[in-house]
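Each chain, letter by letter, is given below.
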Amino acid sequence: MERRQVVQMLGSGIAALGFSSTVSARSDGEAPNGNVETADVNIFSPKNDPVEVSSGTWVNHYWGWVDADYGGDSTEDGIEAFLDAAEITVRIDGDEISDPDQYWGEPEQNDEDQWVVWWEYVTPPKGPGLYTFTLESYFPDGLKVNGEVVREPGTRNEFTGYYEVTGGSDGRSR
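Notes on the structure in this doc start here. Just so you know, these numbers come straight off a predicted model, no measurement behind them. Along each chain, residue indices are assigned from 1 in the same order as the chain's sequence is written. pLDDT decides what is reported in this predicted model: residues at 70 or higher carry local features, side-chain atom pairs at 80 or more are listed and counted, and totals for whole chains, interfaces and linings draw on all residues regardless. The side-chain quantities take in all heavy atoms of the structure and omit both hydrogens and water.

### Side note on the nonpolar core
- We call a set of buried residues a nonpolar core when its members are Ala, Val, Leu, Ile, Met, Phe, Trp, Tyr or Cys and they connect through side-chain atoms within 4.5 Å of each other. Per-residue accessibility, obtained with a 1.4 Å probe over protein chains only, is compared with the maximum for each type, and a residue is labelled buried under 20%, exposed over 50%, and partly exposed between these values. In terms of nonpolar packing, the biggest core is built from 30 residues, with Trp63, Phe82, Ile88, Trp119, Phe133, Leu143 and Tyr163 touching the most fellow members.
- Helix and strand definitions follow DSSP, with helices as H or I runs of at least four residues and strands as E runs of at least two, each counted in order from the N terminus. Contributing elements (two or more residues each) for this core: β2 (38-42), β4 (58-67), α2 (76-85), β5 (87-92), β8 (115-123), β9 (129-139), β10 (143-145) and β12 (155-166).

Written out as structure tokens, the structure reads:
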């Protein structure tokens, strides 16, 4: 299922390569280049139906926030209000991502003219097994968009997505 379909399916709210051993990422959260194979894993992949990722494939962890019609039209201002209000914690396989706010993309409009912002973080290939991708969002002061309360002060949500790496190696021995 494409990313935009996931976000459209969720409506408003939170929507989350083969290589040699000498290849390393440009920095944390990025693939080494555009020529490596990646698999998309979103935060809403259930444990009983995890996304399958082939061994040797880089993993793109993603999720998004859509500013849908909260008492008015979807706006880029609604995205900015979310980004300002939300305190985000992200863990991949139990390890917390340092400064997760740096992995937000630029707000954009989807095919339904709704504003959306994507969060993405890429990890190197992993060995076979079941892995987790967890997001916690906290709104200490709540969230208002177009004058409508979208999240009450103190709202905390947690979501965990799952993916399973299949195959015989982590891709590093080629």
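### With respect to the pairing of β8
- Within β8, eight of the nine residues are buried, which leaves it mostly tucked inside the rest of the structure.
- Direction of pairing for β4 relative to β8: antiparallel, over a ladder of nine bridges. When the bridges of β8 are listed, His61 appears paired with Tyr121.
- Judged from the two bridges that link them, strand β7 (residues 108-109) and β8 form a sheet pairing that is antiparallel. Across the sheet, residue Glu108 finds its bridge partner in β8, namely Val116.
- For two strands to count as paired, DSSP must find a minimum of two bridges between them. Between β7 and β8, which pair antiparallel in sequence order, lie five residues; one of them, Asp113, sits at a positive phi of approximately 60 degrees.

### Some thoughts on the sheet that holds β9
- An order of β3-β12-β9-β5-β6 is seen for the five strands of this open sheet, with the pairing classed as mixed. Edge strands, defined here as strands with exactly one partner in the open sheet, are β3 (51-54) and β6 (95-96).
- For β5 and β9, the ladder comprises six bridges, and the chain directions are antiparallel. When the bridges of β9 are listed, Ile88 appears paired with Ser137.

### Regarding the pattern of salt bridges
- Here, a salt bridge means any Lys or Arg side-chain nitrogen found within 4 Å of an Asp or Glu carboxyl oxygen. Summed over all chains, the structure comprises three salt bridges.
- Lys126 is the salt-bridge partner of Asp93, the closest N and O atoms lying 2.3 Å from each other. Taken together, the positions of Asp93 in the loop between β5 and β6 and Lys126 in the loop between β8 and β9 put the pair 33 residues apart, joining distant regions of the chain.
- You can call Asp93 partly exposed: its relative accessible area is 27%.
- You can call Lys126 buried: its relative accessible area is 12%.

Any link to function would need more than the numbers given here.
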